[in-house]
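# Summary of the model geometry
Below are the chains, spelled out letter by letter.
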Amino acid sequence: MTIWFMTTNQGKVDEAREHFSKFGIPVRQFEFEASEPQSKDLEIVALSKIEQALPHLPNEKDMLLVEDAGLFVSALNDFPGVYSSYVLETLGTHGILKLMEHLHSEDPIRDGNLRKAEFRAVAVLYKDGQTIVAEGVCPGRIAHKPTEGEGFGFDPIFIPSDLDELGNALPVGEIGVKSTHGTPFGGISLEEKQLFSHRRRALSSLLEHFDILG
Ligand code: ITT
C-alpha cells in the first residue's frame, strides 16, 4: 500500500513521510503538473488537482494525496493565503517582513497580536474511489527577522503558538507545555515542527477519517 503524494515541494514530502512512516505507510512523490484554479478556497484547489491527476495514477489500488497549504496573516487581511507560493517566489519572506515593518510593540502580547498569522492546510486523500478531505491549522505569529536553519518556505519567519497538554494551541502570550520559545519553524527540527504543524494535523485527521490502518 503506497501513498502517492502529488507535490513539487520536497519539504512537504519529507514531512508527510515522517508522519506516515509511524504507521508503516510508504509515501512516494508523484510528479504531475496540474493547473491550479484561481480560487480563494484551498479545498477547491486541492480537489481540482486530485481530479486532474487520477487518470495518471500508476496503479488503481494506490492512494493519491494532495495537500495545499498557505500562510494567512491577519493584519494583511489573510494575505498571502492561496497565493502563498507565488508570493514566496516574488516577494519572499523578506517582502512579508517589509509589509509588516510598522507592526510592532514593546508589549509582547500586543506585538504577537499585531503580527498574528496562521498556516492552514487542506489534505485530500483518494482511495478506492473515495475522497476524504481534512484540514489542519497552526496559529502563530510572524517573527521580526528570519531565522537560519532547517525548514522551507515561510518556516524562517513563522513562530507557532504554544500548545497545552492536549496539543491545543494557546492564545498569544500564554506559556504552554510545548513551546518553541519564540523560535520560528525554521529554527527547530522537523520532528519538533510536527507537534505544531498544520500539515501533520491535516494528515492525522485524514487517517482518523479513513480507516486505512485496518
Ligand atoms: P505543491 O502545490 O506542488 O504541493 P507548493 O510549494 O506550491 O507545492 P503549497 O501550495 O501547499 O505548496 O504551499 C504554498 C506555499 O506555502 C509554498 O510556497 C510553500 O513553500 C509554503 N508553505 C506551505 N507549507 C509550509 C510550511 O509548513 N512551512 C513553510 N512554508 C510552507
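Above: the structure in question.
Structure report, in brief. Each chain has its residues counted from 1, running along the sequence as written. For this predicted model, a pLDDT threshold of at least 70 governs which residues receive local features, and a threshold of 80 or more governs which side-chain atom pairs are given and counted, while totals over whole chains, interfaces and linings are taken from all residues. As a rule here, side-chain values cover all heavy atoms of the structure and leave hydrogens and water aside.

## Here's the deal with the site of the ligand
Neighbouring residues of the ligand: 20 residues in total, closest Thr-7, Thr-8, Lys-12, Ser-85 and Asp-155. Here a polar contact means two N or O atoms within 3.5 Å. Within protein one must be a hydrogen donor candidate and the other an acceptor candidate, and residues neighboring in sequence count only if both atoms are side-chain atoms. Taking Lys-49, its side chain carries an N or O atom lying 3.0 Å from an oxygen atom of the ligand. In the environment of the ligand, an oxygen atom lies 2.6 Å from a nitrogen or oxygen atom belonging to the side chain of Ser-85. Computed on the free molecule, the ligand has an accessible area of 590 Å², of which 91% lies beneath the protein chains in the complex. For the ligand, the cavity whose grid points lie within 2 Å of the majority of its atoms is the largest pocket. Put simply, DSSP marks the helices as runs of H or I at least four residues long and the strands as runs of E at least two long, and each gets a number from the N terminus on. Contributing elements (two or more residues each) for the shell around the ligand: strand 3 (63-73), helix 3 (84-90) and helix 7 (198-209). Under the grouping applied here, Gly and all other residues not named as nonpolar or charged are polar, the nonpolar ones being Ala, Val, Leu, Ile, Met, Phe, Trp, Tyr, Cys and Pro and the charged ones Asp, Glu, Lys and Arg. Of the residues contributing to the shell around the ligand, the split by class is five nonpolar, seven polar and eight charged. By convention in this text, a residue qualifies as near a molecule or strand provided that one of its non-hydrogen atoms is within 4 Å of it. Under the convention used here, a 1.4 Å probe and the Shrake-Rupley method define accessible areas, while residue burial counts only the protein chains that appear. Grid points spaced at 1 Å and placed over the protein atoms alone form the basis of the search, with a cavity being a set where a 1.4 Å probe fits but cannot get out and a pocket an open set showing protein on both sides within 12 Å along at least five of seven lines. Lining residues have an atom within 4 Å of a point. Should more than half of a molecule's atoms lie within 2 Å of a pocket's or cavity's grid points, that molecule is taken to sit in it.

## Comments concerning the nonpolar core
For our purposes a nonpolar core is just a set of buried Ala, Val, Leu, Ile, Met, Phe, Trp, Tyr and Cys residues, chained together by side-chain atoms within 4.5 Å. Between buried and exposed lies partly exposed: a residue is buried under 20% and exposed over 50% of the maximum accessible area for its type, with that area taken using a 1.4 Å probe on protein chains only. The biggest cluster of nonpolar side chains holds 19 residues, and the ones touching the most others in it are Leu-71, Val-73, Met-100, Phe-119, Ile-142, Phe-158 and Phe-185. Among the elements of the structure, strand 3, helix 4 (92-99), strand 5 (116-127) and strand 6 (130-142) are those that each provide at least two residues to this core. By definition in these notes, contact holds between two residues if any of their heavy atoms fall within 4.5 Å. With near-sequence residues (within four places) excluded, Leu-71 lies in contact with Asp-78, Phe-79, Pro-80, Gly-81, Ser-84, Ala-117, Glu-118, Phe-119, Ile-142, Phe-154 and Phe-158. Residues Ile-3, Val-27, Ala-134 and Leu-203 belong to the second largest nonpolar core, which totals 18 residues.

## What to know about the packing of aromatic side chains
Note on aromatic pairs: the rings of Phe, Tyr and Trp (six-membered ring only in Trp) are paired at centre separations within 6.5 Å, and the planes decide the class, stacked below 30 degrees, edge-to-face beyond 60, tilted for the rest. For the coordinates displayed, the defined rule picks out five aromatic pairs. With a centroid separation of 6.3 Å and an interplanar angle of 15°, the aromatic rings of Phe-119 and Phe-185 are classed as stacked. On the criterion of sequence distance, the pair formed by Phe-119 in strand 5 and Phe-185 in the loop between strand 7 (158-160) and helix 6 (190-196) is long-range, its members being 66 residues apart. You'll find Phe-119 and Phe-185 in the same group, each marked buried. Ring plane angle 45° and centroid distance 5.4 Å describe the contact between Phe-158 and Phe-185, whose orientation is recorded as tilted. One end of the pair, Phe-158, is in strand 7; the other, Phe-185, is in the loop between strand 7 and helix 6, and 27 residues separate them in sequence. Residue Phe-158 is classed as buried on the basis of its relative accessible area of 0%.

## Some thoughts on the pattern of salt bridges
Side-chain pairing between opposite charges can occur once the charged atoms of the two side chains come close. Each salt bridge in this description consists of a side-chain nitrogen of Lys or Arg and a carboxyl oxygen of Asp or Glu lying within 4 Å of one another. Tallied over the entire structure, the rule returns 11 salt bridges. Here Arg-199 makes a salt bridge to Glu-67, at a shortest N to O gap of 2.6 Å. Of the two residues, Arg-199 sits in helix 7 while Glu-67 sits in strand 3, which places them 132 residues apart along the sequence. Neither residue differs from the other here; Arg-199 and Glu-67 are each classed as buried. In this structure, the salt-bridge partner of Lys-193 is Asp-155, at a minimum N-O distance of 3.2 Å. Of this pair, Lys-193 sits in helix 6 while Asp-155 sits in the loop between strand 6 and strand 7, and the two are 38 residues apart along the sequence.

## Details of unusual backbone geometry
Cis geometry marks the peptide bond from Phe-79 to Pro-80, where omega comes out at 0°. Inspection of the secondary structure puts Pro-80 in strand 4 (residues 79-80). Even without being glycine, Asp-78 reaches a positive phi, approximately 75°. Its location among the elements puts Asp-78 in the loop between strand 3 and strand 4.

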